[in-house]
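Below are the chains, spelled out letter by letter.
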Amino acid sequence: LRILAILFYAAPVFFVGMLLKLVFAVKLGWLPVAGRASTDVELALVEPGLHAPLAQPRAAAALDEDLQRITACALDTVRRAGLAPADIDALYFTGGSTGLHLLTARLEAAFPQARAVHGERLSSVATGLGLHAARLYADGGSANAIHRGH
């Protein structure tokens with residue numbers, strides 16, 4: 001039953017995720033900004049031949065408000081847990097958005113005592129979904145019965 005959970009729950013999500021990464025990274029050219037100083041965003045879907053250069057400083061300015069909100073949310077979560085930023089000893093970065101150095105740098109600055117740990121960006125979400133599916137189906141029951149509390 002665990003194999004079925006992985007095949008019919010986690011695997012399709014993983015492959016859809018990989019397909020989306022391919023579309024965003026290769027076809028739209030969006031993800032390279034995470035690791036480069038600049039990229040050229042192709043906008044041929046809007047108008048043939050249309051493209052726009054996107055340099056890291058411009059991307060940083062465009063993301064600044066969102067990065068502030070994410071950092072404030074992380075700090076608020078820690079506060080609501082009754083902790084201080086200095087109490088956090090590790091930050092675990094995983095998933096696609098952690099490829100943005102701007103994001104990880106902000107969070108590392110907000111939690112200066114914490115050690116930064118970087119997980120596998122390309123497969124961590126699929127691995128987590130597989131583990132979740134295995135828990136849902138661990139006793140041989142259906143996921144629907146589990147969610148209904150039976």
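These numbers were taken from a predicted model, which means no experiment stands behind them.

The rules we used
- Residues numbered from 1 in each chain as written.
- Predicted model: local features only at pLDDT ≥ 70, side-chain atom pairs only at ≥ 80, totals over all residues.
- Heavy atoms only, no water.
- pLDDT = per-residue confidence, 0-100.
- Helix = DSSP H or I, 4+ residues; strand = E, 2+ residues; numbered from the N terminus.
- Polar contact = N/O pair within 3.5 Å; in protein donor to acceptor, adjacent residues only side chain to side chain.
- Contact = heavy atoms within 4.5 Å.
- Buried < 20%, exposed > 50% of the residue type's maximum accessible area, 1.4 Å probe, protein only.

## With respect to the confidence of the model for the protein
Then step 1. Averaged over all residues, the pLDDT of the protein equals 75, while 65% of them reach at least 70.
Then step 2. Helix α3 (residues 101-110) holds the highest mean pLDDT among the elements of the protein, 90, whereas helix α5 (residues 143-147) holds the lowest, 53.

## So, the side chain of Thr-104
Then step 1. Structurally, the position occupied by Thr-104 is in helix α3.
Then step 2. For Thr-104, the side chain forms a polar contact with the main-chain oxygen of His-101, separated by 3.2 Å.
Then step 3. With residues near it in sequence (within four places) discarded, Thr-104 still touches Phe-93, Thr-98 and His-118.

## Some thoughts on the environment of Ala-55
Then step 1. If you trace the backbone, Ala-55 turns up in strand β2 (residues 51-55).
Then step 2. Judged by its relative accessible area of 33%, Ala-55 falls in the partly exposed class.

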